[in-house]
Every structure is written in C-alpha cells, then in structure tokens.
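Tertiary structure, described
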Amino acid sequence: MKTALITGANKGIGFEVAKKLLQQGFIVYIGSCDVIKGQTAVEKLRAEGFVNVEAIQIDVTDDHSVNYARTELGKKLDSLDILINNAGISGVKVDQTGNFLEKTWTAEQATINTFKEVYETNVFGVVRVTQAFLDLLKKSKEPRIVMVSSSVGSLTQQSDPQWPIYDTAKFAVYGSSKAAMNMYAVHLAYELRDTPFRINMVDPGYTKTDFNYNTGFSTVETAANRIIKYALIGQDGPTGKFFSEETNPLTGEISW
Ligand SMILES: NC(=O)c1ccc[n+]([C@@H]2O[C@H](COP(=O)([O-])OP(=O)(O)OC[C@H]3O[C@@H](n4cnc5c(N)ncnc54)[C@H](OP(=O)(O)O)[C@@H]3O)[C@@H](O)[C@H]2O)c1
C-alpha cells in the first residue's frame, strides 16, 4: 500500500486531505505538533471506518521532533510516496476581544520576531521536513511533494491592482513566507527534475478554518480536492509549478 505523511493534519485542511488519501487507499500518517491532538484526529478517522491511519508527533519548527519522526517512520516504512507540507501559520494576531491587530502583518510595522515566527514554520519548517524525508521519498517509485501555498504569496497578484483581493490580501509576513517557500520548492523541483519526483505548490483557496477565524468562503473538502489532485498526479504531470484554482479556474496555474 502507498503511504502519505501530512504535516499539521490534526485539523483544518490537513485533516481533510488525510481523509481523502485514506479514501484513495493510502496508509496515512497524521503529522501533529501535539500528540493528543494527533491521536484525537486518528480516533475521529477510525470512528469513520478508516483503519490505515496513525498519528506522528511532528513540530516542523523543531529539528529534534522532525528527526525523531523520520526515525520512527523509518522503522515502519521502506518508502514514503507522498509528503504534504501543510502546516502553516499566518502571523496575524488578535487582541483579547478578538479584534485584529493590523500592525502585526504590515510591511511597515511587522516585527522581526513575527517574521521569524512565521518563517520558522512556513519556510524553515518546510525545508526541515522535506530534507528529513527526502531519502524515504526517493525510495518510492512515484514520489510526490505538495507544498500547501497561497495566492497571497504570488508577487504577480500582489502587484496587480486588477486582482480582486488586491487591497485586502496584504499580509507582508505571511505572503512573503509563502513566496519564499515557493522559491525553495522551485529549486528543489529543478534539482530533482531528472527523477520521478513531482513537486508542486497548491493554493487551497480561501477556506473556512481556524486559520482565518472561520471567515473563509470555501470548504475544506474543496481545498483538500485541490491538494490531492497534485499529490496523485501522474508521471506525465507538471513539476515545479504553482496552482490556484480559485485564481485561475481554467488551468489552475498562476504566476509567481
Ligand atoms: N485556510 C485558508 O484560507 C488558507 C488559504 C491558503 C493557504 N492556506 C494554507 O493551508 C495550510 C493549512 O491551513 P488551515 O487553513 O488548515 O489552517 P489551520 O486550521 O490553522 O491548521 C493549521 C495546522 O498546522 C499546524 N501547525 C501549526 N504550526 C505547526 C508546527 N510548528 N508544526 C506542526 N504543525 C503546525 C496546526 O497545529 P495546531 O492545531 O497544533 O495549531 C494545524 O494542524 C497552511 O499552510 C495555510 O497557509 C490556508
């Protein structure tokens, strides 16, 4: 049976991706920062009749946690077929009454600490996890990596006044973190271009989850479908590309 690891899969989009890959017959590892939350997610899936699912503690910001997860998975698996780098944070902060603290995400006023915190998860976390699991992925016949990205990380959209969310999607910290992650993935796809790897970046769309305090207008089901499409892509499929069906419903591919 084929295998998949999803970071940040204890809830939100990652959890739904896990469910969809289980429906496709994969053995799924629910990456979760918190062991209890991971176990709870597994129990929920088992209650729905899925058996090939396990939790694995993985804090993407922590070398020790990632290396430990790699060692533990290595004891169970000869190869890993799919890695979904899904764990992510926005860096957007709210006050005690739930009001957004706008200055925490603006280019003028976001603090270096906010940048460091967000980059530690969204950029360095992706590099850390990807590099740790690359050897197991290389043992798969058709390895796939999906980087869960965002159209907010597109430099083209962010500089296009015609973009429908041009004035509202201005998150300097989060947007730049996804742009940096995309660039990392483009380099990785280039370095692995002559191998069976297919590595793509996918924007799940503005989805109702805790991430945006449930303000998103798309569902986790739609988001997960958008992601697994590239996790299951054939050998003739793209690599090193950026997709956002929400932005370009026609082909899905969007500009950097
Ligand atoms: N929702 C949207 O509209 C939207 C749009 C575009 C892109 N995205 C991207 O989609 C991905 C998933 O977002 P979501 O909406 O599902 O968010 P979510 O509901 O907030 O879930 C985020 C997940 O990431 C985990 N996580 C955070 N920091 C982590 C760390 N250091 N190590 C491991 N796991 C960590 C969280 O764990 P805890 O439960 O322990 O916090 C949680 O499981 C993110 O990369 C986000 O940038 C979301």
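So, a few notes on the structure that sits alongside this text. (Residues numbered from 1 in each chain as written. Predicted model: local features only at pLDDT ≥ 70, side-chain atom pairs only at ≥ 80, totals over all residues. Heavy atoms only, no water.)

The next thing to look at is the site of the ligand. Not every one of the 30 residues close to the ligand is listed here, only the nearest: N10, N86, Y174, T207 and T209. The backbone of G8 places a nitrogen or oxygen atom 3.2 Å from an oxygen atom of the ligand. Between the ligand and N10, the relevant distance is 2.8 Å, taken from an oxygen atom to a side-chain nitrogen or oxygen of the residue. When the free accessible area of the ligand is taken as 900 Å², the share hidden by the protein chains comes to 90%. Taken together, the elements giving at least two residues each to the shell around the ligand come down to α1 (12-23) and α6 (172-191). Among the residues making up the shell around the ligand, the classes are represented as 11 nonpolar, 13 polar and six charged. (Near = heavy atom within 4 Å. Polar contact = N/O pair within 3.5 Å; in protein donor to acceptor, adjacent residues only side chain to side chain. Areas by Shrake-Rupley, 256 points an atom, 1.4 Å probe, with all protein chains shown as cover. Helix = DSSP H or I, 4+ residues; strand = E, 2+ residues; numbered from the N terminus. Nonpolar A, V, L, I, M, F, W, Y, C, P; charged D, E, K, R; others polar.)

Bringing the pattern of salt bridges into the picture now. All told, the structure shown has 11 salt bridges when counted by the stated rule. Between K11 and D210 there is a salt bridge, with its nearest N and O atoms 2.9 Å apart. Of this pair, K11 sits in the loop between β1 (3-6) and α1 while D210 sits in the loop between β6 (198-202) and α7 (220-231), placing them 199 residues apart in sequence. Of the charged contacts, one joins E72 and K75 as a salt bridge, the two residues approaching to 2.9 Å between their closest N and O atoms. Of this pair, E72 and K75 both sit in helix α3 (residues 63-76), separated by three residues, roughly a single helical turn. On the basis of relative accessible area, K75 is assigned to the exposed category, the value being 61%. (Salt bridge = Lys/Arg side-chain N within 4 Å of Asp/Glu carboxyl O. Buried < 20%, exposed > 50% of the residue type's maximum accessible area, 1.4 Å probe, protein only.)

The strands making up a sheet associate through hydrogen bonds between their backbones, and the pairing can be parallel or antiparallel. One open sheet accounts for seven strands, arranged β3-β2-β1-β4-β5-β6-β7; its pairing is parallel. Unpaired on one side and paired on the other, β3 (53-57) and β7 (242-243) mark the two borders of the sheet. Note: strand β5 (residues 144-148) against β6, five bridges, orientation parallel. Bridge pairing in β6 links V148 to V202. The strands touched by helix α2 (residues 35-47) within the sheet are β2 (27-32) and β3, with β3 carrying the most contacts at an inclination of about 170 degrees. (Pairing = 2+ DSSP bridges. Contact = heavy atoms within 4.5 Å. Axes fitted to C-alpha atoms, helices over the stretch in contact; angles between N-to-C directions.)

It is worth spelling out empty space enclosed by the protein at this point. One pass over the structure, following the stated rule, counts one cavity of 30 Å³ or more. Within this model, the largest cavity holds a volume of roughly 40 Å³. Residue lining of the largest cavity: V202, D203, R226, Y230, F243, S244, E245 and G252, and that is the complete set. For the lining of the largest cavity, the per-class residue count stands at three nonpolar, two polar and three charged. (1 Å grid on protein atoms, 1.4 Å probe; cavity = no way out; pocket = protein on both sides within 12 Å on 5 of 7 lines; lining within 4 Å. Points joined across faces, edges and corners; volume = space filled by probe spheres on them.)

For the rest of this paragraph, the subject is the packing of aromatic side chains. If you walk through the whole model with that rule in mind, you get seven aromatic pairs. Seen from their ring centres, Y174 and F211 are 5.4 Å apart, and the 55 degrees between their planes marks the pair as tilted. Of this pair, Y174 sits in helix α6 while F211 sits in the loop between β6 and α7, placing them 37 residues apart in sequence. The class of Y174 is buried, set by a relative accessible area of 11%. On the basis of an interplanar angle of 80 degrees and a centroid distance of 5.1 Å, the ring pair of Y206 and F217 is categorised as edge-to-face. Placement of Y206 in the loop between β6 and α7 and of F217 in the loop between β6 and α7 is noted, with a sequence separation of 11 residues between them. You can call Y206 partly exposed: its relative accessible area is 33%. (Phe/Tyr/Trp six-rings, centres within 6.5 Å; stacked < 30°, edge-to-face > 60°.)

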